[in-house]
Amino acid sequence: MTATAGPRPARRPGLARRVLDANLPYQLLAFAVFAGVWEVYAREWGGLLIPSFTETVEATAELLGSAELWRAMWVSNQALVLGFGIAVLAGVPAGILLGRFRLAERLADVYLNILLVTPMAAIIPLLVMSVGFGLASRVILVTIFSIVMIVVNSRTGVRQVDPALIEMARSFGASERQVWTRVLLPGALPAIMTGIRLGLGRAVTGMVIVELLMVSTALGGLILEYRGLFKAPLLYGTIVIILAEALLLISAARWCERKLTRWAGSA
Amino acid sequence: MSALVERRGATAVRRRRLSWRRLPAAPVSLAAGAVLWELIGRVADVPFFPPLTTVLGRLADMVSSGQIIGSLGDSLLNLALGFGISLAAGLAVGVAMGRYRKVEAALGVYVYALLTAPSLVFAPIFFSLLGEGRGSIVAVVVMYTVFIVIINTASAIRTVPGHLVEMARSYGARETQVLLRVILPAAAPMIMAGVRLGVGRAVTGMINGEMFIAVVGLGRIVTQAGGRFDGASVLAVLLVIIAVALGAVALVQAVDRRITRWVPKTTKDGL
Amino acid sequence: MIQIRGLSKSFVGQDGSVVHALRDVDLDIDENEFLTILGPSGCGKTTLLKAVAGLIPWNDGDILIDGSAVRGPGPERSMVFQNFALLPWATVLDNVGFGLRMRGIGRAERDERARALIEMVGLSGFETKRPGELSGGMQQRVGIARALAVEPRVLLMDEPFGAVDEQTRRLLQEELLSIWERRRMTVVFITHSMEEAVLLGDRVVLMSARPGQIAEIVPVPLPRPRSSDVGAIERSSDYVEVTAYLWDRLRDMHTEHRPSKVAG
Ligand SMILES: Nc1ncnc2c1ncn2[C@@H]1O[C@H](COP(=O)(O)OP(=O)(O)O)[C@@H](O)[C@H]1O
Ligand SMILES: [Mg+2]
């Protein structure tokens, strides 16, 4: 957008230019500024509740070496794996059916729209009342958090498959089953994968939220405990670790998504 | 293609389908859901799933005692503050990211990371920074809302067709004129798509923040009622929350329709 | 070979209004004939072709192929689509083999036959590319190869070259002619270009809109084979005359309908 008119010789950009054009230096710079501001703020005005950047880094390292954290990780992630697994196994077929059958979709639409904007956390008390503070309520909440995204995206995926492709398949004598396996499902796959990735993000959110709001065990429990004990660096360290896990999982999902649906980008 | 075999009956079938299509699905579906809720609630007879009538009765009590109105006001204030801040900050950062490659390079990954991260874990941090009060709740709302606004604004600005900008330049438009007269209007539909998503997330942030920092608002009532194992109150407040969420989204959609009236219908669905 | 008797088809729009896409269409198509169908946009050309393909139901009339009524798609017919309708996730090889796969033909034979057709349409070397990596002209070559792979006796083509640029279009026309001259089959070819209709067809079926009807069937008195010297054909007086005549008729149709907008 900065191009100015006039003759200019075409030349291979120099090394300095190429470094400046890459993203990494700017990312590092942004991070350094963030860390520096944090460090100075915490040292000058921090007090007991706000650890400095370096204290947080140290505490994070310390936590990563502690058995307590890994035990909490294990407990939290049980709910994540189970809940998210159920959401995928139930959500993808449900979404596909809604995408194919107009009447079902028209009836379900209003509920999906409500569920998409409703803060699910508000039902946590009901869950606890019905199944207690154990694993079950955490699993159910993770499922509820993630399934809507999966259903909605799978439905959209099936709906957006070009009707001309279905017609084409029919013209070659494809049976209903072949239309499904050769056209509808492959065509919907990118959107389904997107739904699964977004659903995973929400599943992690659900896992953390239920522990923070009601069932204070595992990772969420650690946060509450460190806060109660005014162990600010450990509190911040735990948050860093939770964020890191969320980002790792989501990056992994994004990587899978790219692998499986490379054609969608180029088409 | 079994339809072909009975093609003479095709018109009759279509007519029947048409009458189905004319029936408004949402009210029918909601009514069925309400009946089902009432029945299941009565049959099951468990404290965590009271029948609809019980919940509505409790809601009426809570409204007449003034409990709902006060908390609703607090919640809406949290929502308005958080959403307003997110809108201002999100548009500013988003325009900068969309317009200047270096800003995008510096901030892009972090914005994406924070968009997908579980936002509520930041609540304890806001707690330590801003104390146990409205400030922290508003900060949580911002955390939920601002990143989606940034990302949509940035990509909206970036995808404005270059030929429009060139056209404006060819008529001698200055940089600010290009931004205000061409880029922002052309980017408006996609920016508004981000704002629409943002308002939904803002309501979620408001409730989650209020439940965690249980000092004001509807979220606090939920937490307290949950502590008393009072299922009817939780569901009554949940209904209010859903109404707030749908109302907020509808409001933004109305604004959106005014702003993006020029967009042809077919492309609008695609956004 | 193909007999269309009193075919009528109407659509009911979203608002309940009725569009008569086809009314009382009678048409006989001979074995191994190259028939082109020409008409203004919205006159029901696609509807007619899809009915013959067995893709849509109709309200009245019959379509017979070799005396038996069309009840759906059949192995003796295959179709080439205006917007190619290629599977974006599948390679060129798999796209060309798609029809064979639907017929339950195993991988080895499918690939062999697909490769032969890929070569025929000049796409050797592109077997593992995906449609997104091909130009429009190349995509339609894939579409043609896919339709030919199932060895149809009737090839149905719906404005197959409408979405490619002029130069590619001319190349594809020549290649289609030369393929058809080597491998005779019945072709029903829809176009909105008078030149294309005359260059390719044995007869041109001229359709008029609202309701969609056959206005006239114009024989094309041009010699075959035509692919060897298209330039000479286009300079011949017969070609010029028939094209001019078709334009006269089409212009009349457009002036008749001027007040009401012609639907796209
Ligand atoms: N699925 C449909 N629903 C409603 N109207 C249709 C449908 N398909 C075609 N039509 C209408 O039928 C008429 C003929 O369409 P078509 O056969 O596609 O014309 P052509 O291919 O000659 O341009 C047009 O007026 C079109 O609007
Ligand atoms: Mg057509």
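Note that this is a predicted model, so its numbers are computed, not measured.

S.K.: What should I look at first to understand the pattern of salt bridges in this one?
M.R.: Side chains carrying opposite charge are able to pair once their charged atoms draw close together. All told, the structure shown has 31 salt bridges over all chains when counted by the stated rule. Taken together, the shared-partner salt bridges connect Glu105(A), Asp109(A), Arg155(A) and Arg159(A) into one network.

S.K.: Help me out: how do you make sense of the UniProt feature "domain: ABC transmembrane type-1" (unreviewed entry) in chain B in this one?
M.R.: The sites that UniProt annotates as "domain: ABC transmembrane type-1" (unreviewed entry) are residues 72-250 of chain B. The span residues 72-250 of chain B is 87% helix and 0% strand, and its two end C-alpha atoms sit 18 Å from each other.

S.K.: Explain the site of ligand 1 to me, please; I cannot follow it from the model alone.
M.R.: All names here are of chain C. Close to ligand 1 lie Phe-11, Val-19, Ala-21, Ser-41, Gly-42, Cys-43, Gly-44, Lys-45, Thr-46 and Thr-47. Within the backbone of Gly-42, a nitrogen or oxygen atom sits 2.7 Å from an oxygen atom of ligand 1. Gly-44 is positioned with one of its backbone polar atoms (N or O) 3.1 Å from an oxygen atom of ligand 1. Within the complex, the protein chains bury 65% of what would otherwise be the 560 Å² of accessible surface of ligand 1. Counting residues per element, the ones that place at least two in the shell around ligand 1 are strand S2 (18-29) and helix H1 (45-53). Considering each element in turn, the shell around ligand 1 owes the most residues, three residues, to H1. Of the residues assigned to the shell around ligand 1, the class counts are four nonpolar, five polar and one charged.

S.K.: What's the story with the interface of chain C and chain A in this structure? I'm lost.
M.R.: Often, the extent of an interface is quoted as the loss of accessible area upon association of its parts. At the junction of the two partners, chain C supplies 22 residues and chain A supplies 18 residues. At the boundary of chain C with chain A, total buried surface from both sides reaches about 1800 Å², with 72% on carbon and sulfur atoms. Looking only at chain C, the three residues that lose the most surface to chain A are Trp89(C), Phe98(C) and Met102(C), adding up to 35% of its buried area. Inspection of the chain C/chain A interface yields one salt bridge. A salt bridge links Glu167(A) to Lys50(C), with the shortest nitrogen-to-oxygen separation between them at 3.0 Å. Summed over the shared surface of chain C and chain A, the number is two residue pairs in polar contact (both at pLDDT 80 or more). Sorting the residues of the side of chain C that touches chain A by element identifies strand S6 (77-80), helix H3 (98-102) and helix H5 (136-149) of chain C as the ones contributing at least two each. Counting residues per element, the side of chain C that touches chain A draws most heavily on H3(C), which supplies four residues. Looking at the side of chain C that touches chain A, its residues break down into 13 nonpolar, three polar and six charged.

S.K.: Looking at this structure, how should I read helix H9 (residues 175-212) of chain B?
M.R.: Think of an α-helix as 3.6 residues a turn; residues three or four steps apart then line up on the same face. For H9(B), built from 38 residues, the straight-helix expectation of 56 Å at 1.5 Å per residue is missed by more than 12%, its first-to-last C-alpha distance being only 45 Å. For H9(B), the principal kink sits at Ala188(B) and spans about 55°; a proline, Pro189(B), occurs within the next four residues.

S.K.: Please clarify how the UniProt feature "transmembrane region" (unreviewed entry) in chain B should be interpreted in this entry.
M.R.: All names here are of chain B. Listed under "transmembrane region" (unreviewed entry) in the UniProt record, and renumbered for this structure, are residues 23-40, 76-97, 109-130, 136-157, 178-199 and 234-255. As a span, residues 76-97 carries 100% helix and 0% strand, and end to end its C-alpha atoms are 30 Å apart. Helix makes up 100% of residues 178-199 and strand makes up 0%, while its end C-alpha atoms are separated by 28 Å.

S.K.: Can you help me understand the interface of chain A and chain B in this one?
M.R.: Listed per partner, the contact involves 48 residues of chain A and 54 residues of chain B. Surface buried jointly by chain A and chain B totals about 4600 Å² across both partners, of which 77% is contributed by carbon and sulfur atoms. At the surface where chain A touches chain B, the tally comes to zero salt bridges. The tally of links between chain A and chain B comes to six residue pairs in polar contact (both at pLDDT 80 or more). Listing elements by their share of the side of chain A that touches chain B, those giving two or more residues are helix H1 (15-21), helix H2 (24-46), helix H5 (102-117), helix H6 (124-131), helix H9 (176-213), helix H10 (218-228) and helix H11 (232-260) of chain A. Broken down by element, the residue count for the side of chain A that touches chain B peaks at eight residues, all from H11(A). Broken down by class, the residue content of the side of chain A that touches chain B amounts to 39 nonpolar, five polar and four charged.

S.K.: How do you make sense of the packing of aromatic side chains when you look at a structure like this?
M.R.: Per the counting criterion, the structure on display carries 13 aromatic pairs over all chains. Summarising the aromatic geometry, the rings of Tyr41(A) and Trp45(A) are spaced 5.6 Å apart at their centres and angled 40° between planes, so their arrangement reads as tilted. Placement of both Tyr41(A) and Trp45(A) in helix H2 is noted, with a separation of four residues, approximately one turn of the helix. By relative accessible area, Tyr41(A) is classed as partly exposed at 34%. With a relative accessible area of 61%, Trp45(A) lands in the exposed category. The structure contains a cluster of three or more aromatic residues connected by ring pairs, namely Phe31(A), Phe34(A), Trp38(A), Phe53(A), Tyr236(A) and Tyr110(B). Its end group placed over the ring of Phe127(B), Arg227(A) keeps NZ or CZ at 4.4 Å from the ring centre. Directly above the ring of Trp180(C) sits Arg184(C), whose terminal nitrogen or CZ lies 4.1 Å from the centroid.

What counts, and where the lines are drawn
- Residues numbered from 1 in each chain as written.
- Chains lettered and ligands numbered in written order.
- Predicted model: local features only at pLDDT ≥ 70, side-chain atom pairs only at ≥ 80, totals over all residues.
- Heavy atoms only, no water.
- Salt bridge = Lys/Arg side-chain N within 4 Å of Asp/Glu carboxyl O.
- UniProt positions renumbered as here; feature names shortened; annotations may be inferred.
- Helix = DSSP H or I, 4+ residues; strand = E, 2+ residues; numbered from the N terminus.
- Near = heavy atom within 4 Å.
- Polar contact = N/O pair within 3.5 Å; in protein donor to acceptor, adjacent residues only side chain to side chain.
- Areas by Shrake-Rupley, 256 points an atom, 1.4 Å probe, with all protein chains shown as cover.
- Nonpolar A, V, L, I, M, F, W, Y, C, P; charged D, E, K, R; others polar.
- Contact = heavy atoms within 4.5 Å.
- Buried area = accessible area lost by both parts, 1.4 Å probe.
- Expected span 1.5 Å × (residues − 1).
- Bend = angle between axes of the 7 residues up to and from the residue.
- Phe/Tyr/Trp six-rings, centres within 6.5 Å; stacked < 30°, edge-to-face > 60°.
- Buried < 20%, exposed > 50% of the residue type's maximum accessible area, 1.4 Å probe, protein only.
- Lys NZ or Arg CZ within 6 Å of the ring centre and 35° of its normal.

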